[in-house]
Amino acid sequence: MTAAISVRNLRKVYPGTPDVVALADASIDIQDNEFFTLLGPSGCGKTTLLRMIAGFEHPTSGTLTMHGEDLSDLPPYKRPVNTVFQSYALFPHMTVAQNIGFGLEMLGKPKAEIKQTVDEMMELVKMTEMADRQTGQISGGQQQRVALARALAPRPRVLLLDEPLSALDFKLRKDMQLELKRLQMETGITFIFVTHDQEEALTMSDRIAVMSAGTIRQIGGPRDIYDHPAERFVADFIGDTNFVPAEVATHKGTDADVTLSSGKVVTARMPEGEQMQGKVTLAVRPEHANISTEAEGLLPGTLSEVVYFGTDTHYHVALDDGTGFVVRRQNRPDETSGFSTGDRIGVQFAPGVGQVLRD
Amino acid sequence: MAEHSPPANATEKRASRVRWLLLAPALLVLLFAASGPLLITLVYSVLTPGDYGGVIWQPSGDAWFNVILQRDIFDDTLSWSDAHLSIFWRSVKLSLMTTVGCIIFGFPTAYFIATRPKKQRDLWMLLIIIPFWTNILIRTFAVVELIRNEGTINTVLMWSGIIDAPIQMLFTEFSILVGMIYVYLPLMVLPLYASMERLDFSLVEAGYDLYATRMQVLKRIILPLVKPGVIAGSILVFVPSLGAYVTPRVMGGGNQLMIGNLIELQFGQGRNWPLGAALSITLLAIVMVALMAYVRTAGKEGPGHG
């Protein structure tokens, strides 16, 4: 099976003094009908990668194919790919309907077909009443939907979305996340979504590529990435994480027994194909750990702070080895932890919860 | 409430007085330097010419009559004043060609500058503006030096054997056109650049992304969005072109007159101030009619423009 988009050793360097490496070396296969997210902080190369797929930037080296067809020499207007721009880039001198129909018009489709598709698209994004408005007369959320409809109207094989939700307020962003996911499932078009918002990535994506400093750090499903970050950057960038120093005692496949600073041994998960020995760092999510009595716990310490968040409570623990640890517990009406600030306690987590990180 | 309104009123009065004070210098200049002379011109145009220039205070419609008509000296028959009409026609034609020429040369130039990195743009704009600081006469003579029969272009062409005899370029309508395009080009580039600099280039990318070719992007996206710049530039070029005096004089050598030269002639050698005044007002009328027609049509065309 050939991938919808296949990126091989793609590299982009902007000449200058010194040269700016926007994308060091990226290889990804994106499947048909997939909601694929490029996630990373600004400057990590995710937008550069997206712009190369769109055809606005030319790779310095590497190959880019769509369904096995080489894209390198195709100008943007010949690629069956459409983009939803971060700034929406709606044409201010055209109405909503004219904007949505623009791509079809440029493809030379007959008038009747354009009208029909435009009507369908406006229906899809619930903008039918706004058809004859100028784009300056509609709200940000509506502009966003017009931009989506405009990019979807020519039925591209792949839709590229460049941080399309970043300009919206919180409530609208939540709604649009669900809306985008619905549109992707209804249209069956491959979505490649660029964002720096980890929550956005986790809620919408089928798979996520986490990027930093021009390279892809990890590719996987949202659960994979969150529960089993392969390296420190990924663990740190996505969600909150406790970093626990440990030493590998024995390991077999992805299971490794590690010794903690307290001398206790627990089973942790080793990234696939890794054979790490000696000192390592474990990642433990705050909600994957629990607090207990000092004797029962894996790591002893003092409870330094208890912060109530409504839905859950954060327990800040000053461990005896000098590091800090945060445990997050969901609140229930009939239950309290029974510990208060200053108590000696232990931090506990189940075998297989700790993830050994690649450095 | 009642106690508060008098001071509020006083403040308002003072603010309005300050506004008028700020306006006063400009109003004075307009009143005395623009409206005044215009009024004098209007009055002179209906008086009788004096024998040695100036006017005699005796009402006469001759000047207006002579703008477009002429009476035969011998048999008194009326006919169109061919000399004047051909000069009007040449002026309008050359001004239109200058405007179009400036758009053709100015548009790519402005686009080029607007797409440079921000730091480089100022340097490019400086290069456009520098000629502007030079006296128009000197700039015009520089072009003369290029295109005269013994000038650079003819010399190079003859030396390289492409032509045997020099091409007559100077003292033709062509030379006036070249001179005027050169002189007025910055006036087109500046407003075009101003509107292109504000152009959101992600719109151009969106155009390409939606399958528009380069020409389609230019026609459907860039042109409609920079139209205000094109209109402003056209007005800035067309108006002074129509009244141009120095360039047609130097480049046309006195036998390719434009309205400006004709008017100058009446106040000088022609010793017919009323006719000169009538011609001046005719020029003003042509400019106003042309501008109104242009703005009206340019404002309308293009779909979806509200």
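Mind showing me how you'd approach the overall build of chain B here?
The helix and strand inventory of chain B stands at 12 helices and four strands. For a compact globule of 306 residues, the expected C-alpha radius of gyration is about 19 Å, and chain B comes in at 25 Å, more than 25% above that figure. When its C-alpha atoms are laid out on the principal axes, chain B stretches across 85 × 70 × 40 Å. Here chain B, with 306 residues, has 28% of them falling under the buried criterion. Taking the intrachain contacts of chain B between residues at least 6 apart in sequence as the baseline, contacts between residues at least 24 apart amount to 67%.

Help me understand the packing of helix α5 (residues 136-147) of chain B against helix α7 (residues 173-197) of chain B, please; the structure alone is not making it clear to me.
Two quantities define a packed helix pair, namely the angle between the axes and the distance from one axis to the other. All names here are of chain B. α7 packs onto α5 with a crossing angle of 135° between their chain directions and a minimal axis gap of 10 Å. Regarding the angle of α5 to α7, the classification is oblique. α5 and α7 meet at a crossing whose hand is right-handed. Contacts between α5 and α7 involve Ile136, Arg139, Thr140, Val143 and Ile147 on the former and, on the latter, Ser175, Val178, Gly179, Tyr182 and Val183. Across the contact of α5 with α7, the residue classes tally to six nonpolar, three polar and one charged.

In this structure, what is going on with the domain arrangement of chain B? I would like to understand it.
As a measure of interface size, the accessible area lost when the parts come together is often cited. Residues and elements named next belong to chain B. With domains assigned, chain B is organised as domain 1 (5-78) and domain 2 (81-300). Spacing between the C-alpha centres of domain 1 and domain 2 amounts to 29 Å. Residue-level contacts link 19 residues of domain 1 with 14 residues of domain 2. Of all the secondary-structure elements, those providing two or more residues to the side of domain 1 that touches domain 2 are α1 (5-44), β1 (48-49), α2 (62-68) and β3 (69-71).

Just checking my understanding: could you explain helix α9 (residues 214-242) of chain B for this structure?
One turn of the α-helix equals 3.6 residues, which is why residues spaced by three or four share an orientation. Residues and elements named next belong to chain B. Under the 1.5 Å per step criterion, the end-to-end length of α9 is only 34 Å for 29 residues, more than 12% shorter than the ideal 42 Å. Of all the bends in α9, the greatest reaches close to 55° and is centred on Lys227; the proline Pro228 follows between one and four positions later. Among the residues of α9, Val217, Arg220, Ile221, Val226, Gly229, Val230, Gly233, Ser234, Val237, Phe238, Ser241 and Leu242 are the ones counted as buried.

Whenever I open this one, the interface of chain B and chain A confuses me. Can you help?
In this assembly, 18 residues from chain B lie in contact with 20 residues from chain A. Looking at the side of chain B that touches chain A, the elements that each hand over two or more residues are α8 (201-209) and α9 of chain B. Of all the elements, α8 of chain B adds the most residues to the side of chain B that touches chain A, at six residues. Among the residues making up the side of chain B that touches chain A, the classes are represented as nine nonpolar, six polar and three charged.

Criteria and cut-off values
- In this numbering scheme, every chain counts its residues from 1 along its sequence in written order.
- Whichever chain is written first is A, and whichever ligand is written first is 1; the rest continue in order.
- It should be noted that, the model being predicted, local features are given only for residues of pLDDT at least 70 and side-chain atom pairs only at 80 or more, the latter also being counted only at that level, while totals for whole chains, interfaces and linings use all residues.
- Helix and strand definitions follow DSSP, with helices as H or I runs of at least four residues and strands as E runs of at least two, each counted in order from the N terminus.
- The atom set for the radius of gyration is the C-alpha atoms, and the globule formula is 2.2 Å times the number of residues raised to the power 0.38.
- Our exposure labels follow a C-beta count within 10 Å of each residue's own C-beta, placed from the backbone: buried means 20 or more other C-beta atoms, exposed means 12 or fewer, and partly exposed covers the counts in between.
- Residues are scored as being in contact if the C-beta atoms we place from backbone atoms lie within 7 Å.
- With axes taken as lines fitted to C-alpha atoms, and helix axes fitted only over the stretch in contact, angles between N-to-C directions fall between 0 and 180 degrees.
- Throughout, the term roughly parallel applies to angles under 35 degrees, roughly antiparallel to angles over 145, roughly perpendicular to angles from 65 to 115, and oblique to all others.
- Crossing handedness follows the turn of the near helix against the far one: under a right angle anticlockwise gives a left-handed crossing, and clockwise gives a right-handed one.
- As a working rule, the residues Ala, Val, Leu, Ile, Met, Phe, Trp, Tyr, Cys and Pro are called nonpolar, Asp, Glu, Lys and Arg charged, and the rest polar, with Gly in that last group.
- Each domain's limits were defined by an automated method or a database of domain assignments.
- Take the residue count of a helix, subtract one, and multiply by 1.5 Å to get its expected span.
- Note on bend: at a given residue it equals the angle between the axes fitted to the 7 residues ending there and to the 7 starting there.

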